[in-house]
Amino acid sequence: MYREIFVPVDNSQHSDWAVDRAIEMCRKTGGRITGNHVYAARLHDVRFRQLETGLPAQFQTPAEIKKQRKIHDKLIEKGLQLIADSFLDQLGKRCESAGVPLTRQLLEGINYEEIVNEVNRGAGRLPGLIGFDPNRAAGYDGGDKVRGDVKLGENGRLVAEEEDAAARLVGSSGRQYDLMAIGAHGLGRQPFSQLGGVVARVLRDIEKDVLIVRDQQPLQGGRFMICVDGSSYSYKAMKSALELAQEFGGSLYVCSAFDVEYHHVVFHNIKDVLSYQASKVFKFEEQEELHNNIIDKGLLKLCQANLKRAEVMAQQYPDVPIKTQILIGKPFQVIMQWVEEIKPSLLVIGRHGAHRVENTELGSQAENLLRLSPCSVLLTGVVGVRPEDIPWIEEDGQAGLPWAPEAEVRILRVPPFAQGIARRAVEEYVLEKVGNAGPPPTVTNKWLDEAIQKLLPTHMQLIMGIGSAEEIALAEVKATEQMKATKVQGSDADPVPAVPMIETKCPVTGNVSVRERVTTDPIVWTQEAWQRLQLVPLIARPLARNTVERFARNHDIWRVTTPVMDDNKQAMIESDEFDIDTMMVMFTELRAKQIRAEAEGKDAMSPEMRAFIEQAKAQGITRCPIRDIEAKMDKCPVDMKTVTPEEAKRAVEKLLQ
């Protein structure tokens with residue numbers, strides 16, 4: 001629990017509420033409050049110098065200006081110290097009434113900078129107190145060194161004193177704080193403010209725990225809400241929430257959230273961007289089903305495990321009533337909805353989550369909750385966070401199935417963020433087929449192939465990197481070869497010529513000449529458009545290029561730029577229809593494969609035929625809906641062995657209507 005609490009005060013209502021919560025905690029723990037106010041004498045010094053040109057003429061001489069600066073500096077600083085002392089007087093009366101020890105503290109400088117330095121390291125700049133009574137100064141940090149008061153001369157005017165700059169500061173406190181309690185707003189609160197300016201700044205840099213107070217609700221007998229996501233940060237927050245709930249006789253509400261809608265939004269959004277052209281290969285509908293059946297279920301299991309760990313921690317606090325809840329949706333959104341339902345007196349969250357990026361100051365979900373929460377929030381810091389403090393649960397001790405080396409190599413190709421879910425999905429598939437009787441089965445290449453075919457669309461296997469090495473290599477080599485024909489030239493910023501020209505090279509003499517472009521000339525891609533195209537996965541890149549170039553030709557566009565791609569995005573998607581001429585490129589080989597399969601006594605869709613179709617998909621042939629032919633092959637109105645290409649063309653058109 002918290003015994004050394006830092007409380008910045010400014011005599012605002014939220015500041016008073018923060019004092020109430022700090023006193024409430026200290027009365028339970030026997031702790032001490034450091035009441036703080038920061039003033040910026042340097043700011044007034046700068047402003048005075050800016051106004052010097054407006055002084056009367058008798059004050060404009062260099063000697064007089066120097067004298068006035070000295071008088072002004074000390075006089076203004078003394079005034080600021082008296083105001084701050086008045087703020088701390090109010091705090092002192094309340095602490096004395098509650099029997100809580102108080103140390104007064106003034107800091108000089110930029111408010112949020114000094115607060116951060118003081119809370120993190122006890123390194124705030126303590127000013128020398130001007131003209132304070134020694135007994136009063138004794139209650140302040142650095143109060144043993146008091147500066148002389150402002151002096152009056154015989155003529156009744158202020159005296160300009162020579163004062164050593166070093167004497168104006170008396171060091172730092174060196175104190176180690178457990179918690180900072182601060183009001184969510186200050187004196188300058190505006191109607192649409194979510195957080196005060198000072199609070200918003202200090203939150204990003206303070207490493208210790210921070211209590212942001214929004215209302216007058218006491219902690220005693222209150223409802224405490226905590227959010228866990230499996231990270232060590234969240235379980236540090238869980239420990240703090242349990243300690244507070246036990247100390248103040250409160251109940252604890254624990255939630256863990258995961259977002260299933262995100263995947264649906266992503267899949268629908270992909271259809272509206274250029275990479276949608278890869279849908280002929282990626283089979284977005286099947287991938288969406290994959291997410292529903294595997295990834296979302298995996299996330300649900302993670303949330304269940306998160307809450308189970310929280311329940312394990314709660315066993316050490318038997319007097320704390322606990323309720324757990326899985327929330328489905330964008331974390332901060334569904335947490336806010338649960339806050340509205342439960343109406344807790346305190347929301348406890350970790351500064352970061354499981355997806356923390358190195359060098360970030362504050363997690364995105366935490367920041368949203370800090371700004372939007374209607375109740376007070378305890379933000380636990382990064383000090384003392386250890387991965388080994390994550391509670392152990394029984395599932396952690398369950399070993400997975402053994403994997404054969406060759407299967408292990410293939411599953412390791414899955415991206416790290418999805419590897420655990422993919423591995424578990426394969427193991428569950430194997431157990432479903434084999435059962436739990438007898439020794440645990442080994443996941444071999446055979447089992448992995450079966451699971452992949454069951455769980456993943458064919459080209460998703462290639463994209464995820466868990467198809468065979470030969471399949472992946474073949475698909476990428478063919479895609480690379482196809483992309484070599486792309487003509488890349490110039491930049492988006494280049495002016496568009498009135499008459500487009502093209503350089504041609506004589507195949508015999510090698511001479512280069514320039515002529516006017518014709519419709520059969522290759523489409524030109526600018527460097528920026530080409531870089532945009534590189535964002536499409538290599539296997540699908542020819543599909544995207546072909547669709548864009550076909551659209552360009554149909555609309556008399558000879559140069560593809562990023563504005564062309566952006567302005568015509570939807571039109572490109574809608575124009576990406578089946579082109580029977582592309583199908584005819586495959587016709588001869590397809591018919592030969594089918595004849596060969598039937599001659600060997602195999603069905604029309606033999607493994608060899610299916611392998612050929614998959615190979616065609618990997619080649620990047622975009623406008624041939626292979627999956628539709630697969631589904632309708634048995635209904636084909638003609639015998640592919642005997643018809644002419646023209647007859648087959650008409651037949652396939654009818655087939656796909």
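Residues numbered from 1 in each chain as written. Predicted model: local features only at pLDDT ≥ 70, side-chain atom pairs only at ≥ 80, totals over all residues. Heavy atoms only, no water.

This part covers the overall build of the protein chain. Within the protein chain one finds 25 helices and 17 strands. For the protein chain, with 657 residues in total, the buried portion stands at 46%. Relative to all contacts within the protein chain whose residues are 6 or more apart in sequence, the contacts with residues 24 or more apart total 75%. When the accessible surface of the protein chain is totalled, it reaches about 33,200 Å², and 52% of it is carbon and sulfur. (Helix = DSSP H or I, 4+ residues; strand = E, 2+ residues; numbered from the N terminus. Buried < 20%, exposed > 50% of the residue type's maximum accessible area, 1.4 Å probe, protein only. Contact = heavy atoms within 4.5 Å. Areas by Shrake-Rupley, 256 points an atom, 1.4 Å probe, with all protein chains shown as cover.)

So, on to the nonpolar core. Residues Ile5, Met25, Ile226, Met238 and Leu252 are the most contacted members of the largest nonpolar core, which totals 53 residues. The contact partners of leucine 252, leaving out residues within four places of it in the chain, are Phe224, Ile226, Met238, Ala241, Leu242, Val320, Pro321, Ile322 and Lys323. Counting residues in each nonpolar core, the second largest holds 41 residues, with Ile115, Cys255, Leu369 and Cys375 among its members. (Core = buried A, V, L, I, M, F, W, Y, C linked by side-chain atoms within 4.5 Å.)

Take the pattern of salt bridges next. Scanning the entire structure with this criterion turns up 20 salt bridges. Here arginine 32 ties to glutamate 4 by a salt bridge, and the two come within 2.9 Å at their closest N and O atoms. Highlighted residues: arginine 32 in strand 2 (residues 32-39) and glutamate 4 in strand 1 (residues 4-8), separated in sequence by 28 residues. For glutamate 4, a relative accessible area of 14% corresponds to the buried category. The partner of glutamate 114 in a salt bridge is arginine 125, with the nearest N and O atoms 3.7 Å apart. Of this pair, glutamate 114 sits in helix 4 (residues 111-121) while arginine 125 is found in the loop between helix 4 and strand 4 (129-130), placing the two residues 11 residues apart along the sequence. The class of arginine 125 is partly exposed, set by a relative accessible area of 28%. (Salt bridge = Lys/Arg side-chain N within 4 Å of Asp/Glu carboxyl O.)

Turning our attention to the pairing of strand 1. Taking burial as the measure, the 5 residues of strand 1 include 5 buried ones, the bulk of the element. Neither face of strand 1 is left uncovered, since the one carrying Glu4, Phe6 and Pro8 and the one carrying Ile5 and Val7 both have all their residues buried. Regarding topology, helix 1 (residues 13-29) serves as the crossover connection from strand 1 to the parallel strand 2, and that connection is right-handed. When strand 1 meets strand 6 (residues 179-183), the two strands line up parallel, connected through 2 bridges. Paired with isoleucine 5 across the two strands is leucine 179, which belongs to strand 6. (Right-handed = clockwise from strand over helix to strand, strands pointing away. Pairing = 2+ DSSP bridges.)

Once that is clear, we can look at the sheet that holds strand 16 (residues 524-525). Reading across the sheet, the 3 strands line up as 13-16-17 and stay open at both edges, with parallel pairing between neighbours. Here the strands that pair on one side only, and so sit at the sheet edges, are strand 13 (487-488) and strand 17 (559-560). Two elements, strand 16 and strand 17, share 2 bridges in a ladder whose sense is parallel. Bridged to tryptophan 525 within strand 17 is valine 560.

Next up on the list: the packing of helix 4 against helix 6 (residues 197-205). Where helix 4 meets helix 6, the axes come as close as 9 Å, and the angle between the chain directions of the two elements is 35°. The element helix 4 and its partner helix 6 pack so that their crossing is right-handed. Across the interface between the two elements, Asn111, Tyr112, Ile115, Val116 and Asn120 of helix 4 pack against Val198, Arg201, Val202 and Asp205 of helix 6. Each residue belonging to the contact of helix 4 with helix 6 can be placed in one class, and the counts come to 5 nonpolar, 2 polar and 2 charged. (Axes fitted to C-alpha atoms, helices over the stretch in contact; angles between N-to-C directions. Left-handed = near helix turned anticlockwise from the far one by under 90°. Nonpolar A, V, L, I, M, F, W, Y, C, P; charged D, E, K, R; others polar.)

The subject of this paragraph is the confidence of the model for the protein chain. Chain-level pLDDT for the protein chain is 77 on average; 67% of the residues reach the 70-or-more range. Across residues 602-606 the pLDDT falls below 50, and counting only partners more than four positions away or on other chains, this stretch makes 11 contacts in the model. With pLDDT under 50 throughout, residues 616-635 is counted as low confidence; its partners more than four residues away or in other chains account for 51 contacts. (pLDDT = per-residue confidence, 0-100.)

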